Amino acid sequence: MLNMIWLGLILVGVAVAGATGRAAEVTDAAFSGGKLAIETAIGLAGTMALWMGIMKIAERSGLMEGLAALLRPVVGWLFPSVPRDHPAVGAMLMNISANMLGLGSAATPFGLKAMQELQELNPDKETASEAMCTFLALNTASITLVPGTVIALRATYGSVNPAETVAATLVASAVAGIFSIGLDWAVRMSLRARGR
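Parameters and conventions
- Residues numbered from 1 in each chain as written.
- Predicted model: local features only at pLDDT ≥ 70, side-chain atom pairs only at ≥ 80, totals over all residues.
- Heavy atoms only, no water.
- Buried < 20%, exposed > 50% of the residue type's maximum accessible area, 1.4 Å probe, protein only.
- Helix = DSSP H or I, 4+ residues; strand = E, 2+ residues; numbered from the N terminus.
- Arc of directions from axis to C-beta.
- UniProt positions renumbered as here; feature names shortened; annotations may be inferred.
- Salt bridge = Lys/Arg side-chain N within 4 Å of Asp/Glu carboxyl O.

Moving on, we get to helix H7 (residues 148-156). Taken together, the buried positions of H7 are Gly 148, Ile 151 and Ala 152. Each buried residue of H7 lies within a common arc of 100° when the element is viewed along its axis, so the set occupies one face. Two residues or fewer past H7, Gly 158 is found with a positive phi of approximately 80°.

This next bit is on the UniProt feature "transmembrane region" (unreviewed entry) in the chain. Mapped onto this structure's residue numbering, the UniProt feature "transmembrane region" (unreviewed entry) falls at residues 33-51, 92-112, 133-153 and 165-187. Between the first and last C-alpha atoms of residues 133-153 the distance is 31 Å; the span itself is 71% helix and 0% strand. Secondary structure content for residues 165-187 is 96% helix and 0% strand, and the end C-alpha separation is 32 Å.

Turning our attention to the pattern of salt bridges. In this structure the tally under the stated criterion is 6 salt bridges. Between Arg 192 and Glu 130 there is a salt bridge, with its nearest N and O atoms 2.6 Å apart. One end of the pair, Arg 192, is in helix H8 (residues 166-193); the other, Glu 130, is in helix H6 (residues 130-141), and 62 residues separate them in sequence. Measuring nitrogen to oxygen at the nearest pair gives 2.6 Å for the salt bridge that ties Arg 188 to Asp 184. Placement of the pair is Arg 188 and Asp 184 together in helix H8, with a separation of 4 residues, close to one helical turn. Neither Arg 188 nor Asp 184 differs from the other in exposure class; each is buried. In this structure, a network of salt bridges that share partners links the residues Glu 130, Asp 184, Arg 188 and Arg 192.

So, in structure tokens, the structure goes:
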């Protein structure tokens, strides 16, 4: 469906450009946008390789497991319906830990695995369980201690201090996390009160 929307937008844009005599400007913009995308990707590659290397060291040194151990009581409180020894708990902990360390690409496989494991616990396979909704809300907010991708983008574009957004990112993501969990809890309580 989304592909059809993008295709429609492109076709309308090309038709309007042709009708208004601005096709050359659209072509120039497409080429300059493509050039900028390649320059950004190449610039990010080095910085992301550095951050991924640092995070791999953190993973091998046990930092991610340590962070997961610290988060285990919180996860038990947030997901009371998930047995403590279930594989979903480990996948959720690794996902949350990776997100906290700014490793969105490393967090994704853990998040997918967690959802698969939570689906196995789900009695109604056609509807997301409470644990799945809570995990999605928490994962979407993604409390971040080290915003590696943002730092990499800022460094690529020549920021004097690429890491200056760390404090703001931490505060914003913490507020988003607290809000999303609070909203999840409020909706859950409202649905329970209605008998759903």
